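# Descriptive analysis of the structure
If you want the building blocks of each chain, they are given just below.
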Amino acid sequence: MSEYRAAEHVRWTVEAGGVVLIDGATGVATTLGYPQAAIWDFLTRGEPEEKICAKLCAIASLDPAAAQALVMETVAALRDAGLVTRG
């Protein structure tokens, strides 16, 4: 997985139940609950996949394979929605 960052047109806020992403280009808001909100946090901090998966194992009680699958699925969904870009 390449490093990703929030797309330039995306703003976000942390709320009690997760992270709300607002696409400035479309006005669409997307809410990420946990553990996907944690993946967003780690991604936007520039953490590599290995560290994200290791942290996800600890905070979500997942085995390494499940953590990696969730990270890949979440990143793919964020990428497909135009909320993250490579770089």
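Structure: see above.
Quick summary incoming for the structure in this document. These numbers come from a predicted model, not from an experiment.

### Focus: unusual backbone geometry
Tyr 34 connects to Pro 35 through a cis peptide bond whose omega is 15 degrees. As for its placement among the helices and strands, Pro 35 is situated in the loop between strand 4 (29-32) and helix 1 (36-44). One non-glycine residue with positive phi stands out, namely Ser 61, at about 55 degrees. Looking at the secondary structure, you find Ser 61 in the loop between helix 2 (49-60) and helix 3 (64-80). The class for Ser 61 is exposed, based on a relative accessible area of 67%.

### Some words on helix 3
Between its first and last C-alpha atoms helix 3 spans 24 Å; for 17 residues at 1.5 Å apiece the expected length is 24 Å, and the two agree. Among the residues making up helix 3, those that are buried are Ala 67, Leu 70, Val 71, Thr 74, Val 75 and Leu 78. Across the axial projection of helix 3, the buried residues extend over an arc of 125 degrees, all falling on one side. Turned more than 90 degrees away from the buried face of helix 3 sit Ala 65, Glu 73 and Asp 80, all of them exposed. Looking at the buried residues of helix 3, the elements they touch are strand 1 (4-6), strand 3 (18-23), strand 4, helix 1, helix 2 and strand 5 (84-86). The N-cap residue of helix 3 is Asp 63: its side-chain oxygen and the backbone nitrogen of Ala 65 are 3.0 Å apart. Two residues or fewer past helix 3, Gly 82 is found with a positive phi of approximately 75 degrees.

What counts, and where the lines are drawn
Each chain carries its own residue numbering, running from 1 in the direction its sequence is written. Given that the model is predicted, a residue must reach a pLDDT of at least 70 before its local features are reported, and side-chain atom pairs must reach 80 or more before they are shown or counted; all residues, however, enter totals for whole chains, interfaces and linings. Just so you know, side-chain values use all the structure's heavy atoms and leave hydrogens and water out. The helix count covers DSSP runs of H or I at least four residues long, the strand count covers runs of E at least two residues long, and both are numbered beginning at the N terminus. Any residue under 20% of the maximum accessible area for its type is buried, any over 50% is exposed, and the rest in between are partly exposed; the area is computed with a 1.4 Å probe on protein chains only. The span expected for a helix works out to 1.5 Å for each residue beyond the first. The directions from the helix axis to the C-beta atoms are what the arc is built from. Contact criterion: two residues are considered in contact whenever any of their non-hydrogen atoms come within 4.5 Å of each other. Any pair of N or O atoms that falls within 3.5 Å is considered a polar contact. Within protein, one atom must be able to donate a hydrogen and the other to accept it, and sequence-neighbouring residues count only if both atoms are side-chain atoms.

Taken by themselves, the reported measurements are silent on function.
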